[in-house]
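# Observations on chain architecture
Here are the chains, one letter per residue:
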Amino acid sequence: MAILIAVTGWDAGPWAERLRARLPDRDIRIWPDAMGDPADIRYALTWKAPASALTACPNLQAVFSLGAGVDHLLGQQGLPDVPIVRVVDPDLTGRMSEWITLQVLLHHRQHLRYAAQQRRHEWTPHAQAAARDVRVGILGLGVLGADAAEVLVRLGYRVAGWARTPKDLAGVECFAGEEAFDAFLARTDILVNLLPLTPQTHGLIDRGVLDKLPRDGALGGPVFINAGRGGSHVEADIAQALRDGTLIAASLDVFETEPLPADSPLWDLETAVVTPHIAADSDPDAIIDYVAAQIRAFEAGADLENRVDPARGY
Ligand code: NDP
Ligand code: OXD
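Summary of the structure given here. This structure is a prediction, so every number in the text was calculated from the model and none was measured.

## Focus: the site of ligand 1
Lining the immediate surroundings of ligand 1 are 29 residues, of which Arg 86, Thr 165, Lys 167, Asp 253 and Tyr 314 lie closest. The side chain of Thr 165 places a nitrogen or oxygen atom 2.5 Å from an oxygen atom of ligand 1. The contact in question runs from an oxygen atom of ligand 1 to an N or O atom on the side chain of Arg 229, over 3.3 Å. Here ligand 1, which alone exposes 930 Å², has 92% of that area covered by the protein. Mapped onto the shell around ligand 1, the elements with two or more residues apiece are helix 4 (90-108), helix 6 (143-154) and strand 7 (158-163). Class assignment for the residues of the shell around ligand 1 results in 16 nonpolar, 8 polar and 5 charged. Each of domain 1 (2-87 + 282-299) and domain 2 (91-274) gives at least three residues to the shell around ligand 1.

Here it is in structure tokens:
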């Protein structure tokens, strides 16, 4: 019984090495060159591999996405009709909350401004808003959004979140559904996107949405932070909103096209923070432990956890 690792853009080596250590009785194969007989393969661990790598395996029982997002799979036609499992793991969740908190603090504590002053050797303190006066609004209150919200509440921010279905999270003002979207935006100084990319969330954060963020908040204007997916924002609208002051700043980890093209205006905007899709990396040690535990439990008769609903898109 074999397990396939099928990744693009990543080195399969550390994943295979860790999987061999955790499941020494299994035959670990690597797509595309070391697949062996595809009929032997029962499970596939994948990141951005083509659906054809999976459909080639007639006895596949489950597909594990090696990240939390599954748009890389569900965006493809012709996937095999087997359960798809995504990553829900404290290591990845903690990394994301670190990145979101870093960006919220960076904008709230005016770090870009002080960094520019330092380059000019300029010693000028500025008035500093209290965290309790800064309204953070998180799009998506799933595993990652809920954890980031909890950390930000602990730091004293006024936190709200928006999801498809109603939520009850301590200290978080929860909004649900399209009808509540505008009310959520109207109370948000720092807008954080942690939505999955689906047909419903594609292009959601556009100029119309940015215009609905309040301009009378404690930071003097709205900030946008995106660590969900670049397909959920309209990059030209964000660049224009940064230029004309509709947004005072943005932190972007994900982009419509990755890597971000060299000629994107976002690289050179002083109010933009750009990171190369590293907000929450998938750590092979942590994620293989998670997948190996799921395979063992599944073979002992348990249900697979954190299965994706293909109809819902996440
Ligand atoms: P979850 O599936 O746990 O949460 C998704 C949340 O989004 C849920 O609260 C869901 O609502 C909400 N949602 C989905 N569709 C809609 C909609 N149409 N309207 C309103 N709310 C909606 O996902 P995670 O929190 O684990 O991950 C979120 C995303 O983060 C991933 O899909 C991925 O794209 C991104 N990510 C980015 C990384 C990076 O390094 N930049 C790393 C890891 C993930 P409900 O609860 O009601 O269903
Ligand atoms: C993920 C990611 O979805 O890293 O896990 O983007």
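Back to the text.
## Things to note about the site of ligand 2
The environment of ligand 2 is formed by Trp 47, Gly 67, Ala 68, Gly 69, Leu 92, Arg 229, His 277 and Ala 280. Ala 68 places a polar main-chain atom, nitrogen or oxygen, 2.7 Å from an oxygen atom of ligand 2. Here an oxygen atom of ligand 2 sits 2.6 Å away from a polar atom, N or O, in the side chain of His 277. Class assignment for the residues of the shell around ligand 2 results in 4 nonpolar, 3 polar and 1 charged.

## Here's the deal with the packing of aromatic side chains
Under the definition given, this model contains 6 aromatic pairs. Geometrically, the ring pair formed by Trp 10 and Trp 47 is stacked, given 5.1 Å between the ring centres and 10° between the ring planes. Pair noted here: Trp 10 is in the loop between strand 1 (2-7) and helix 1 (12-22) and Trp 47 is in strand 3 (residues 41-47), with a separation of 37 residues, a long-range link. Trp 47 sits in the buried class, given a relative accessible area of 8%. Put simply, the rings of Trp 10, Trp 15 and Trp 47 pair up and form one aromatic cluster. Positioned above the aromatic ring of Tyr 314, the side-chain terminus of Arg 312 is 3.9 Å from the ring centre.

## Remarks on the pattern of salt bridges
Counted by the stated rule, this structure contains 16 salt bridges. Taking the shortest distance from any N to any O, the salt bridge between Asp 289 and Arg 18 comes out at 2.7 Å. Of the two residues, Asp 289 sits in helix 10 (residues 284-299) while Arg 18 sits in helix 1, which places them 271 residues apart along the sequence. Residues Glu 122 and Arg 120 are paired through a salt bridge, measuring 2.8 Å at the closest nitrogen-oxygen approach. On the basis of relative accessible area, Glu 122 is assigned to the partly exposed category, the value being 30%. Judged by relative accessible area, Arg 120 falls into the exposed class, the value being 53%. Here the salt bridges do not stand alone but share partners, grouping Arg 18, Arg 22, Asp 285 and Asp 289 into one network.

## What about the side chain of His 233?
By the secondary structure assignment, His 233 is in the loop between strand 10 (223-226) and helix 9 (235-243). Ignoring any residue separated from it by four or fewer positions in sequence, one finds His 233 in contact with Ile 205, Phe 224, Asn 226, Ile 238, Leu 252, Val 254, Phe 255 and Glu 256.

## Observations regarding the nonpolar core
Core analysis: the biggest nonpolar cluster contains 51 residues, and Phe 64, Ile 100, Val 104, Ile 138, Ile 190, Val 192 and Leu 194 have the highest contact counts within it. Counting residues per element, this core draws most heavily on helix 10, which supplies 6 residues. Per-domain counts for this core show at least three residues from each of domain 1 (2-87 + 282-299) and domain 2 (91-274). Among the nonpolar cores identified, the runner-up in size contains 28 residues, and Trp 162, Phe 175, Leu 195 and Phe 255 belong to it.

About the cut-offs
Residues numbered from 1 in each chain as written. Chains lettered and ligands numbered in written order. Predicted model: local features only at pLDDT ≥ 70, side-chain atom pairs only at ≥ 80, totals over all residues. Heavy atoms only, no water. Near = heavy atom within 4 Å. Polar contact = N/O pair within 3.5 Å; in protein donor to acceptor, adjacent residues only side chain to side chain. Areas by Shrake-Rupley, 256 points an atom, 1.4 Å probe, with all protein chains shown as cover. Helix = DSSP H or I, 4+ residues; strand = E, 2+ residues; numbered from the N terminus. Nonpolar A, V, L, I, M, F, W, Y, C, P; charged D, E, K, R; others polar. Domains from an automatic or database assignment. Phe/Tyr/Trp six-rings, centres within 6.5 Å; stacked < 30°, edge-to-face > 60°. Buried < 20%, exposed > 50% of the residue type's maximum accessible area, 1.4 Å probe, protein only. Lys NZ or Arg CZ within 6 Å of the ring centre and 35° of its normal. Salt bridge = Lys/Arg side-chain N within 4 Å of Asp/Glu carboxyl O. Contact = heavy atoms within 4.5 Å. Core = buried A, V, L, I, M, F, W, Y, C linked by side-chain atoms within 4.5 Å.

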